[in-house]
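The lines below spell out each chain.
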Amino acid sequence: MNIFITGIAGFLGSSLAHHLKKNKYNISGNDNFIGGYEDNLSNDFKFYNIDCCDFQSMQRALEKTDVLIHCAATAYEGLSVFSPSFVTKNIFEASVSTFSAAISNNVKKIIYCSSMARYGSQNYPFTEDMKTKPQDPYGIAKVATEEVLRNLSEIHDFDWTILVPHNIVGPRQKYDDPYRNVMSIFLNRMLLNKPAIIYGDGSQKRCFSYVDDCIYCIEEAIHNIESSKEIINIGPDEEFISINELADKCSNVTNFNGQHIYYEDRPQEVKFATCSSNKARKILNYKTRFSLDESISLTYDYIKKRGAREFDYNINLEIKNKKTPQTWKKKII
Ligand SMILES: NC(=O)c1ccc[n+]([C@@H]2O[C@H](COP(=O)([O-])OP(=O)(O)OC[C@H]3O[C@@H](n4cnc5c(N)ncnc54)[C@H](O)[C@@H]3O)[C@@H](O)[C@H]2O)c1
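Residues numbered from 1 in each chain as written. Predicted model: local features only at pLDDT ≥ 70, side-chain atom pairs only at ≥ 80, totals over all residues.

Trainee: Any chance you could explain the overall build of the protein chain here in plain terms?
Mentor: Counting its regular elements, the protein chain contains 10 helices and 14 strands. Relative to the 2.2 N^0.38 estimate, which gives 20 Å for 333 residues, the radius of gyration of the protein chain is 19 Å and therefore close to what a compact globule would have. Oriented by its inertia axes, the alpha-carbon framework of the protein chain measures out at about 55 × 40 × 40 Å. Looking at the protein chain residue by residue over its 333 residues, the buried ones come to 47%. (Helix = DSSP H or I, 4+ residues; strand = E, 2+ residues; numbered from the N terminus. Rg over C-alpha atoms; globule rule 2.2 N^0.38 Å. Buried ≥ 20, exposed ≤ 12 C-beta atoms within 10 Å, placed from the backbone.)

Trainee: Please explain the site of the ligand as it appears in this structure.
Mentor: The immediate surroundings of the ligand are formed by 30 residues, with Gly7, Gly10, Gly35, Gly36 and Ala73 found nearest. Counting residues per element, the ones that place at least two in the shell around the ligand are α1 (11–22) and α3 (84–104). Looking at which element gives the most residues to the shell around the ligand, the answer is α1, with 3 residues. Partitioned by chemical class, the residues of the shell around the ligand number 15 nonpolar, 12 polar and 3 charged. (Near = placed C-beta within 6 Å. Nonpolar A, V, L, I, M, F, W, Y, C, P; charged D, E, K, R; others polar.)

Trainee: What am I meant to see in the pairing of strand β5 (residues 109–113) here?
Mentor: Along any regular strand the residues' side chains alternate between the sheet's two faces. Where burial is concerned, most of β5 is hidden: 5 out of the 5 residues are buried. Of the two faces of β5, the one carrying Lys109, Ile111 and Cys113 and the one carrying Ile110 and Tyr112 are both buried. As judged from the 4 bridges shared by strand β4 (residues 67–70) and β5, these two strands associate in the parallel manner. Note that in β5 the partner of valine 67 across the bridge is lysine 109. Following the chain from β4 across α3 to the adjacent parallel β5, one finds a crossover that is right-handed. Since β5 and strand β6 (residues 159–164) lie parallel, the crossover through helix α4 (residues 137–155) that links them has a hand, and here it is right-handed. (Pairing = 2+ DSSP bridges. Right-handed = clockwise from strand over helix to strand, strands pointing away.)

Trainee: Can you help me understand the environment of methionine 130 in this one?
Mentor: Locating methionine 130 in the fold gives a position in the loop between β5 and α4. Each C-alpha atom, one on methionine 130 and one on lysine 205, is 20 Å from the other, the two residues being 75 residues apart in sequence. Among all residues touching methionine 130, those that are not within four sequence positions of it are Tyr119 and Gln122. (Contact = placed C-beta atoms within 7 Å.)

Trainee: For this particular structure, what's the right way to read the environment of threonine 274?
Mentor: Here threonine 274 lies in the loop between β14 (272–273) and α8 (278–283). In this structure threonine 274 comes out as buried when scored by C-beta crowding, with 23 C-beta atoms within 10 Å. Separated by 147 residues in sequence, threonine 274 and threonine 127 have C-alpha atoms that sit 9.3 Å apart.

Trainee: I'm lost on the domain arrangement of the protein chain in this one. Help?
Mentor: Much of the literature gives interface size as the accessible area that the parts lose upon coming together. Once the domains are mapped, the protein chain shows domain 1 (2–166 + 211–233) and domain 2 (169–206 + 237–275 + 290–315 + 323–329). Between the C-alpha centres of domain 1 and domain 2 there is a distance of 24 Å. On the side of domain 2, 22 residues touch domain 1, which itself brings 29 residues to the contact. When contributions to the side of domain 1 that touches domain 2 are tallied by element, the ones reaching two or more residues are α1 and α6 (211–223). Taken together, the residues of the side of domain 1 that touches domain 2 sort by class into 14 nonpolar, 12 polar and 3 charged. (Domains from an automatic or database assignment.)

Structure follows, in structure tokens:
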């Protein structure tokens, strides 16, 4: 089976590619290196250095693809209210171009990695039957992409599954990006002997998913007939913790003693966000295999081995005003 993974140099895309290759799938994929790391790639899979927005190149690259797994995105939820043009272009336009290229090649199935940002600030845990209520351009672009995918499937003959991950962590995640990936940022900073930077009072709560727990669901969705045309939350819903508690855990793992630093909360940040995994348990036979403590330790081992790094401000802030976090304007992280 030929599988094409977009965003294959990124965290989820590359982790998935390495895993599926071991299970004997033919893997190819593309990336434009807005994010990701070059050393996430491997000679075991075919790589195209193509932007998803480049429809014609994508159409050629996707020839003979059976299943498209669309992971490429500028997954910058907090940043999306300050760089909305950049973030939404690489989600909405990039996705529509990719879907069109895949459908024109008669792809059998498209698996789309959406985001819990689709739910916004509703009562938690979020369940798939809730109305979508995104509250930032990132979430809005993700939901619009889901709608285009479903709309095209009503006309053209292909199957789809929309998977909804939330706060994935683990090796291969970019840890020197100041705009996202809170756990990796904490660990990298502590390895650089700098304290955790927290927005607001740190009482906002999240669940964190070890990457292998998500990959298991994505692989299952390739064949699982019950996942056909379904939206499914993936990742654990068991350990719902505050950002303060997360920072404490990271301090313990890294043996860092400094006090956390607090900055003003970020506009539009959802306070309590966690998804129910009951549908994944039922349809994808999902079980959480990695605890939060294990996830932190494995992520820490990766960053330590690869080497802690100063943060790379490679994305322009389109809107700089009094609402823009100081941490980004003044490059404090
Ligand atoms: N990591 C999480 O916590 C999380 C949570 C929910 C949803 N997701 C979704 O999962 C997917 C993967 O996320 P990730 O954490 O691996 O992000 P990532 O940034 O590590 O990987 C995304 C990759 O896509 C590439 N990319 C971006 N725009 C592109 C374009 N126009 N053309 C080609 N390549 C492009 C980037 O260079 C990057 O390597 C995304 O769709 C994201 O929205 C991630």
